[in-house]
Amino acid sequence: MAYSSLLSLSLCFLVFFHGCFAQIEQVTTEPRGFPPHQRQQRPQREECQLDRISAVKPNRRIQSEAGVTDVWDENDFQFQCAGVVAMRHVIQLRGLLLPQYVNGPTLVYVVQGIGVQGVVFPGCPETFQSSQSQSQSQYSHSQRQSQRDQHQKVRQIREGDVIALPTGVAQWVYNNGRTPLVLVQVIDTNNPTNQLDQNHRVFFVAGNPQQDIQSQRGEFERGRGRESSQSRRPVESERSGNVFSGMDERVLAEAFNVNTDLARRLRGEDDYRGIIVNVQRGLEVISPQRSPEEERQIREEQQQREFQRGSRGSGRYNGVEETFCTARLRRNVNDPSDADIFNPRAGRVTNVNSHNLPILRNLQLSVQRGVLYRNAIFAPHWNVNSHSISYITRGSGRIQIVDDNGNTVFDGQVQEGQMLTAPQNFVVVKRASVQGLEWVSFKTNDAAKISQLAGRVSAIRSMPVEVVANAYQVSREDARRLKESRQEVTLLSPWSRSRFNATEGNE
């Protein structure tokens, strides 16, 4: 009996000790200083066949009443391995992109035009109030009350804006400008917040899309006849509708407390306008306008807050600067004065990451905007902790990408409207043509980093001259030239033959 009691006590002690040890191990192995969502691991692909990468344009076009939607081939291996889907909306004047949400965090870049955007955060209050002014004096007080409208915040968007959208948050966009509004967006389906699978799913809250943009593979894929086990969707197209289409109209009528005729309209059965519709008399919503002075003041205050956060050495988001409902979703990258790297002879680079747009910490995404002047070079580099999906916004140039075996997986000219992927750790170099080269890169890390191979802060510059000389079998003088001939950072000005000869003569 005493032996049994002793054995039971020992087993209890072992279970208790094991539980305590497991808790200690969990605490000690988790990195400190990061919010829980950042400790989630991105799903890993089984295999990425990236022996050949192409600069590609969209392979499928969806026509709507007031615009078009171009979709890149999501079965292209470069997009599959990066775990992203890319598309471009061209919204005509008075065009409305219907309310929709997707199954992954989204980054939107405004290539051209101006407009207004509504983002609906679940559970957040309606902080904007507006009323229709037409003939209000003819109505009674109760009728005037019925003309008032309350809604969530509406944001002005313009060329150069980077917009962040969390997973499952509904958005709509309206073009109130004088030119087409062009939006390029990348959806990260490989993000931990997407818990189903890697298929891209668009859920329309209104309308009746005639072509299901998340199920139809492109003509390009079918023409090549490539069969892949990684294909995300079947080849055949399907008729699609909005999220109300599959619901009984009587249930909808009861849920909204309306008659069945109105409930039937929610299902959009007789709506053939597509996903971008024309607003006949223009969209009447309120959105406060900012003067240039206010924009400048806001930018200066924001930079001051970022400096103060950095000087505290914390880097942690404490929830005081922003709340979920009032989070900043937008940052413009077109202002040269905001550039993070600037070379008057080569160009500029502007980064948008979790340091200057905190919501990106939740999305685990970031953006880089690059502008190369005539014949300038973006130094050879690799992306340390992310994939980089680049969309060419203007100009042309040459890009080379090299894999871990030293093989060139891409070497070609790129031009406006094309997109290509630089996988993590693959070495990339960009050179602008005489027209210059501009791009925006979507990166799969909220604090994306690069490591350079040439220039003043390069990996080779940081090595001892003896290491460089022996590694490349060159003299100490040549090794020093490799280390020190370029004093520029990231953006390298054109290196003329005359300047090279002059340098050679001086030595």
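Quick note: structure is the one above.
Owing to the predicted nature of the structure, the values given are computational and were not obtained by experimental measurement.

Reading across from one edge, 1-2-3-12-5-10-15 is the order of the seven strands in this open sheet, with antiparallel pairing throughout. Two strands close off the open sheet at either side, each with one partner strand: strand 1 (60-64) and strand 15 (330-332). Each neighbouring strand pair of the sheet contributes to a mean axis angle of 20°, computed without reference to strand direction.

The backbone nitrogen of R250 has a side-chain oxygen 2.8 Å away, supplied by the residue at the start of helix 5 (residues 249-256), namely D248. Remark: N257 follows helix 5 within two positions and exhibits a positive phi of approximately 60°.

So, about the packing of aromatic side chains. Scanning all chains against the criterion turns up four aromatic pairs. Relative to F256, the ring of F244 has its centre 5.9 Å away and its plane inclined at 75°; by these criteria the two rings are edge-to-face. Note that F244 is positioned in the loop between helix 4 (219-224) and helix 5 and F256 in helix 5, a separation of 12 residues in sequence. A residue is classified by how much of its surface remains accessible, and F244, at 15% relative accessible area, is buried. Overall, F256 belongs to the partly exposed group, its relative accessible area being 45%. When the ring centre of F378 is taken as reference, the NZ or CZ atom of K430 above it lies at 5.3 Å.

So, about the pattern of salt bridges. Tallied over the full model, the rule gives 18 salt bridges. Among the ionic pairs, D70 bridges to R61, the shortest N-O distance being 2.7 Å. Accessibility expressed as a relative area gives 2% for D70, which makes it buried. Take R61: its relative accessible area is 54%, and that puts it in the exposed class.

Orientation of helix 9 (residues 465-472) relative to helix 10 (residues 476-484), taken along the N-to-C sense of each, is 110°, at an axis distance of 8 Å. Overall, the two elements helix 9 and helix 10 adopt an arrangement that is roughly perpendicular. The residues of helix 10 that touch helix 9, namely those facing V465, E466, V468, A469 and Y472, are R476, A479, R480, L482 and K483. Across the contact of helix 9 with helix 10, the residue classes break down as six nonpolar, no polar and four charged.

Rules behind the numbers
Residues numbered from 1 in each chain as written. Predicted model: local features only at pLDDT ≥ 70, side-chain atom pairs only at ≥ 80, totals over all residues. Heavy atoms only, no water. Pairing = 2+ DSSP bridges. Helix = DSSP H or I, 4+ residues; strand = E, 2+ residues; numbered from the N terminus. Axes fitted to C-alpha atoms, helices over the stretch in contact; angles between N-to-C directions. Polar contact = N/O pair within 3.5 Å; in protein donor to acceptor, adjacent residues only side chain to side chain. Phe/Tyr/Trp six-rings, centres within 6.5 Å; stacked < 30°, edge-to-face > 60°. Buried < 20%, exposed > 50% of the residue type's maximum accessible area, 1.4 Å probe, protein only. Lys NZ or Arg CZ within 6 Å of the ring centre and 35° of its normal. Salt bridge = Lys/Arg side-chain N within 4 Å of Asp/Glu carboxyl O. Parallel < 35°, antiparallel > 145°, perpendicular 65-115°, else oblique. Contact = heavy atoms within 4.5 Å. Nonpolar A, V, L, I, M, F, W, Y, C, P; charged D, E, K, R; others polar.

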